[in-house]
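Notes for the structure review
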Amino acid sequence: MTPVDRARPWLRAHPLALDAALALGVLLCMVIGSFADPHGPNGPTFGTRTPGLRSLVLMTLGAAVLVLRRRRPMAVLACTSALTVVELSFGAPPAPVAMSAVVALYTVAAHTDRPTTYRVGVLTIVVLTGTAMLFGTPPWYSQEHVGIFAWTGMAAAAGDAVRSRRAFIDAIRERAERAEHGREEEARRRVAEERLRIARDLHDVVAHHIALVNVQAGVAAHVMDKRPDQAKEALAHVREASRSALDELRSTVGLLRQSGDPAAPTEPAPGLAVLDDLLGGFRRAGLPVELARSDDSPLPASVDLAAYRVIQEALTNVQKHAGPGAKAEVSVVRVGPNTEITVIDNGTAAGDGNGDGGGHGLLGMRERVTALGGSCTAGPRYGGGFRVQAILPVKAAETGATGEGTS
């Protein structure tokens, strides 16, 4: 790291010290320049004249006020311009007090907007150049007068260029910060969506299989003494349901433990192709289920999984809440661009707790269906029982909607 790099943080923290050093440098340049005579016999010569006391005082004052150039740029420009006008009016040839006005004009242009820079710059150029032409040595187009015009014009242009560059850099930095903030928000949104997806999958797996295990275990306990063969059959169903639950949980946990992109699953995701197996499990658990299906054509993976999960959750709720003797009906119908899933039961009013009831099943169903652009309704039926209906748009899913492809 160079000494300049080490000193830069300190100078940024103490701008007054930097301005004081600049003022001292400008004073030295003005004093050295005041010893040059632009009208020598063979052109400009150095050391042939000595600045007067008035010029030294004006140069000192002009450099001193530059210390405050950042805090009061307009006041400093007015003061240095006034000192320059005084020197141009009485000096023959004048000392380079105009150098302090040039630095002050640059500061104004670098710290204000462009319209202000134009107005103040033109006024300063006119006043200083006009004074030099009126009171300076003839002709009016001499090199000293043209030099004042050129230096003040370049100071205004340079200050405006620096201000524009700073504004451009600030705009780039702001856009980068907004983009970074947007990426963080997108990452948080994706994390939240993934958490919801995992929560839905875990709820579907656990609620369904545990409900079946609970029912079959109750059956086994009830008939254990009188009908041991039926109890063994119920326990076999318990073992099968628990094994299925463990397999699906293992698959889900395996996906979560992968650090990179998940590998392709070794088994297909649940869908309507295995709907008969799902309904068979409920029938073995003692829930009569009837199926009406008008279309066996394959669905997009996201729609297929959502339809399966909706039926699974709705029947699980029937198994848990509809009461003894309840029956369920499932229909899968293709209506135009949509697939309609309907699950109804005839559970008693006292036992039908299929409503929201503080659980997450209906909420998860609605989230799944809404994510695909569909709609899901659930509520009691007239005369008793419960009805769940989901409308899943097939065409939208085929054109790019993303669904949960794993359980």
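Residues numbered from 1 in each chain as written. Predicted model: local features only at pLDDT ≥ 70, side-chain atom pairs only at ≥ 80, totals over all residues. Heavy atoms only, no water.

Turning to the pattern of salt bridges, a few remarks are in order. Counted by the stated rule, this structure contains 11 salt bridges. Here glutamate 185 and arginine 188 are joined by a salt bridge, their closest N and O atoms 2.4 Å apart. With glutamate 185 and arginine 188 both in helix H7 (residues 143-223) and three residues apart, this pair spans about one turn of that helix. Glutamate 185 gets classed as partly exposed once you look at its relative accessible area, which sits at 37%. The salt bridge involving glutamate 186 is made with arginine 190; its shortest N-O contact spans 3.0 Å. Of the two residues, glutamate 186 and arginine 190 both sit in helix H7, four residues apart, roughly one turn of that helix. According to the relative accessible area criterion, glutamate 186 is partly exposed, its value standing at 29%. A network of salt bridges, in which partner residues are shared, links Asp19, Arg69 and Arg70. (Salt bridge = Lys/Arg side-chain N within 4 Å of Asp/Glu carboxyl O. Helix = DSSP H or I, 4+ residues; strand = E, 2+ residues; numbered from the N terminus. Buried < 20%, exposed > 50% of the residue type's maximum accessible area, 1.4 Å probe, protein only.)

Okay, a nonpolar patch on the surface next. A surface patch of nonpolar side chains, amounting to about 300 Å² of accessible area, comprises Leu24, Leu28 and Ile32. Summarising the element assignment, leucine 24 is placed in helix H2 (residues 15-33). (Patch = residues over 30% accessible without salt bridge, like charges linked within 9 Å, V, L, I, M, F, W, Y side chains within 5 Å. Areas by Shrake-Rupley, 256 points an atom, 1.4 Å probe, with all protein chains shown as cover.)

Two pairing modes exist for strands in a sheet, parallel and antiparallel, and in both the strands are linked by backbone hydrogen bonds. The five strands are arranged S3-S4-S5-S7-S6 in an open sheet whose pairing can be described as mixed. In this open sheet, the two strands that pair with only one neighbour each are strand S3 (289-293) and strand S6 (375-380). Geometrically, the sheet is characterised by an average inter-axis angle of 10° between neighbouring strands, direction not taken into account. The pairing of S6 with strand S7 (residues 386-393) spans six bridges and is classified as antiparallel. Bridge pairing in S7 places alanine 378 opposite valine 388. (Pairing = 2+ DSSP bridges. Axes fitted to C-alpha atoms, helices over the stretch in contact; angles between N-to-C directions.)

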